[in-house]
Amino acid sequence: MSTLLVRHAALVATFDDQRRELTDAGLFIRDGFIEQVGSSGQLPTKADEILDLGGHVLLPGLVNTHHHFYQTLTRAVPAAQDANLFKWLTTLYPIWARLTSEDIHISTQTALAELAFSGCTTTADHLYIYPNGTRLDDEIEAAAEVGLRLHASRGSMSVGESQGGLPPDSVVEAEEQILLESRRLIEAYHDPKPGAMTQIVLAPCSPFSVSQDLMRETASLAIQYKVQMHTHLAETKDEESYTQEHFGMRPIPWMETLGWMREDVWYAHSVHVNNEEINQFAKFGCGVAHCASSNMRLASGIAPIQKMLTAGVKVGLGVDGSASNDSSHMLGETRQAMLLARLDEGLRGASLSAEEAPALMSARQALELATRGGAAVLGRKDIGSLEAGKCADFFAVDLERLEYAGALHDPLAALVFCAPVRADYTVVGGRFVVKEAELLPLELPTLVEKHNRAARRLLAQ
Ligand SMILES: [Zn+2]
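Residues numbered from 1 in each chain as written. Predicted model: local features only at pLDDT ≥ 70, side-chain atom pairs only at ≥ 80, totals over all residues. Heavy atoms only, no water.

A.B. asks: Whenever I open this one, the overall build of the chain confuses me. Can you help?
C.D. replies: In terms of helices and strands, the chain carries 14 helices and 17 strands. Expected size for 461 residues packed as a compact globule is a radius of gyration near 23 Å; at 21 Å, the chain falls within 12% of this value. With 461 residues in all, the chain has 60% of them scored as buried. When contacts within the chain are restricted to residue pairs at least 6 apart in sequence, long-range pairs at least 24 apart make up 75% of them. Carbon and sulfur atoms form 51% of the exposed surface of the chain, whose accessible area is close to 17,300 Å². If the 39 positive side-chain charges of the chain are averaged to one point and the 59 negative ones to another, these points end up 2 Å apart. (Helix = DSSP H or I, 4+ residues; strand = E, 2+ residues; numbered from the N terminus. Rg over C-alpha atoms; globule rule 2.2 N^0.38 Å. Buried < 20%, exposed > 50% of the residue type's maximum accessible area, 1.4 Å probe, protein only. Contact = heavy atoms within 4.5 Å. Areas by Shrake-Rupley, 256 points an atom, 1.4 Å probe, with all protein chains shown as cover. Lys, Arg positive; Asp, Glu negative; His and termini not counted. Charge placed at Lys NZ, Arg CZ, Asp CG, Glu CD.)

Structure representation (structure tokens):
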């Protein structure tokens, strides 16, 4: 039994069902779960550890719903800087084909360090390329040393160039091997219980890199083991042309024929979706990982997030892989999502009167996507808000800083409107990952040096 008392936070934004925002408040935590949320005067006075957070704003830990950790090794690669998705991928595949187990380990820790500093406590990752004996285990083991909750996706590519796919043949795998590995990983690591640190997700990469058979087989395996399914979908116009040409239909109807319209499925991007397809997402309960920065970086388009929310679709935020963002900053991503939604609303409302124009996404709505929204997308009922019985996952930011000077009329909105900052505290299951602005589990200078060495080697060959 261990207890942690957090008190005197200037503001606790609970994101509970009433969206309570409490001043001079805190949390009482026992064995990794929240026992009480309330004003400082109502909380117990004794605990194994007491943290006074005067002058800080405290929120539920942010939930990242889409990433490719290994891409932190290929940020800002010159030849891929100004390309759209298909050109970007064909430039990077040969570099990624040199990845080793050590590279997966290092890049996982780099991505998780950045995420932790940005207030993230739970993250999905999508690893879909396994050259040179690399395994998803490399990522899972590296993540355990950092201490963020991980939804590790066993990604896959099985249709290479010679079969009409986009990736070179050298980076695709045999489908039998993919399914065997998927089964092994679920049995070895998947934890369905509340408070789980590791869950396994099955995630063929995209419509243009796997077969219909693999999509169907993956779905039946996921259903058998009750794990979630994930893939990239409707990211670009090129993808839409590909599915029209190869399967005679748009991406979403194609998914329906494969048994992939289910509530345990979430899709990354979903930029090019029409109203009918949005309604299909809502009807079947599919989630969407909205990756605003990546969609802008690769000029993919603007995902109609407000329309999805109005229709009742589950929407979370994703930083996406670091070769198309090129940052793992969840607060930064929350800001981008708010700004891009506003631009979309402005463009849609351009011809309408002021009364008819759609309302602008607020900072609180954007933070809701990053907390409750992400939890719903990942199928987690134990995270996403600060309430008794939920995981003790939170982050806190000191308000006395240059970036927030002049914004303290609304400290919660400052987190989204002002320049993205680093969290001073990030706590997962009652354990400190960031404390007093320091990352506890890792030696950062050593990690950065190893990471840069690995990145140089990948690019040099
Ligand atoms: Zn992606």
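A.B. asks: Where do I start with the side chain of Arg380 in this structure?
C.D. replies: In this fold, Arg380 is placed in the loop between helix H12 (363-377) and strand S14 (394-398). When its relative accessible area of 6% is taken as the criterion, Arg380 is described as buried. Looking at Arg380, its side chain comes within polar contact range of the side chain of His151, at 3.0 Å. Excluding anything up to four places from it in sequence, Arg380 contacts Arg149, His151, Gly195, Ala196, Gln199 and Ala375. (Polar contact = N/O pair within 3.5 Å; in protein donor to acceptor, adjacent residues only side chain to side chain.)

A.B. asks: Hey, could you run me through helix H6 (residues 237-247) in this one?
C.D. replies: Because an α-helix completes one turn every 3.6 residues, residues spaced three or four positions apart along the sequence face the same direction. For H6, the full list of buried residues reads Glu239, Glu240, Tyr242, Thr243 and Phe247. Along the axis of H6, the buried residues cluster in a sector spanning 160°; they form a single face. Structural note: H6 exposes Lys237 and Glu245 on the side pointing more than 90 degrees away from its buried face. In this structure, the buried residues of H6 make contact with helix H1 (85-96), helix H5 (212-225), strand S10 (228-233) and helix H7 (251-257). In this structure Thr236 caps H6, since a side-chain oxygen of it lies 3.4 Å from the backbone nitrogen of Asp238. (Arc of directions from axis to C-beta.)

A.B. asks: How do you make sense of the environment of Thr45 when you look at a structure like this?
C.D. replies: By the secondary structure assignment, Thr45 is in the loop between strand S3 (33-39) and strand S4 (49-52). A relative accessible area of 58% means that Thr45 is categorised as exposed. Put simply, Thr45 and Glu187 are 142 residues apart on the chain and 43 Å apart in space, counted from C-alpha to C-alpha. Not counting the four nearest positions on each side in its chain, Thr45 is found in contact with Leu5, Arg7 and Ile50.

A.B. asks: How should I be thinking about the nonpolar core in this particular structure?
C.D. replies: For soluble globular proteins, nonpolar side chains are generally found buried alongside one another. If you look at the biggest cluster of nonpolar residues, it comprises 120 residues, and the most contacted ones within it are Trp88 and Trp96. Non-local contacts of Trp96, meaning those with residues more than four positions away in its chain, are made with Tyr70, Gln71, Thr74, Trp88, Leu89, Tyr128, Ile129, Pro131 and Ala323. (Core = buried A, V, L, I, M, F, W, Y, C linked by side-chain atoms within 4.5 Å.)

A.B. asks: For this particular structure, what's the right way to read the coordination of the zinc ion?
C.D. replies: For a metal with four tetrahedral donors the ideal donor-metal-donor angle is 109.5 degrees, whereas six octahedral donors ideally subtend 90 or 180 degrees. Within the protein, His66 (NE2), His68 (NE2), His232 (NE2) and Asp320 (OD) serve as the donor atoms for the zinc ion, at 2.1 to 2.5 Å. The sequence motif formed by the donor residues of the zinc ion is H-x1-H-x163-H-x87-D. Here His66 is found in the loop between strand S6 (62-64) and H1, whereas its partner His232 is found in strand S10, with 166 residues between them in sequence. Judged on exposure class, the residue His66 and its partner His232 are both buried. (Donors = N, O, S within 2.8 Å, 3.2 Å for Na, K, Ca; no water.)

A.B. asks: How should the pairing of strand S2 (residues 21-30) be read in this particular structure?
C.D. replies: Moving residue by residue along a regular strand, the side chains alternate between the two faces of the sheet. The sheet contact formed by strand S1 (residues 3-13) and S2 spans eight bridges and is antiparallel. If you follow Ala13 over to S2, its bridge partner there is Glu21. Following S2, the chain reverses through two residues before pairing antiparallel with S3; Asp31 in that reversal takes a positive phi of roughly 50°. (Pairing = 2+ DSSP bridges.)

A.B. asks: Before we go on, may I ask you to explain the pattern of salt bridges in this structure?
C.D. replies: Pairing is possible between side chains of opposite charge, provided their charged atoms come close. Inspection of every chain in the model, using the stated rule, returns 27 salt bridges. Notably, a salt bridge pairs Arg135 with Asp137, separated by 3.7 Å at the nearest N-O pair. The salt bridge involving Asp191 is made with Lys193; its shortest N-O contact spans 3.2 Å. The class for Asp191 is partly exposed, based on a relative accessible area of 22%. (Salt bridge = Lys/Arg side-chain N within 4 Å of Asp/Glu carboxyl O.)

A.B. asks: I would appreciate a short explanation of the packing of aromatic side chains in the present structure.
C.D. replies: Ring pairs (aromatic) are described by centroid distance and by the angle formed between their planes. Going through the model one piece at a time under the given rule, you end up with ten aromatic pairs. Consider the rings of Phe247 and Trp254, whose centres lie 4.1 Å apart with planes at 10°: the pair is stacked. Here Trp254 falls in the buried class, since its relative accessible area comes to 0%. Linked through ring pairs, Tyr70, Trp88, Tyr93, Trp96 and Tyr128 together constitute an aromatic cluster. Its guanidinium or amino end placed over the ring of Tyr130, Arg154 lies 3.9 Å from that ring's centre, counting from NZ or CZ. (Phe/Tyr/Trp six-rings, centres within 6.5 Å; stacked < 30°, edge-to-face > 60°. Lys NZ or Arg CZ within 6 Å of the ring centre and 35° of its normal.)

A.B. asks: Is there a simple way to explain the packing of helix H3 (residues 136-146) against helix H4 (residues 175-189) in this structure?
C.D. replies: Relative placement of two packed helices is described by the angle separating their axes and the distance separating the axes. Where H3 meets H4, the axes come as close as 11 Å, and the angle between the chain directions of the two elements is 20°. In terms of orientation, H3 lies roughly parallel with respect to H4. Here H3 runs over H4; the crossing is right-handed. Residues Leu136, Asp137, Ile140 and Glu141 of H3 lie in contact with H4, whose contacting residues are Arg184, Leu185 and Tyr189. (Axes fitted to C-alpha atoms, helices over the stretch in contact; angles between N-to-C directions. Parallel < 35°, antiparallel > 145°, perpendicular 65-115°, else oblique. Left-handed = near helix turned anticlockwise from the far one by under 90°.)

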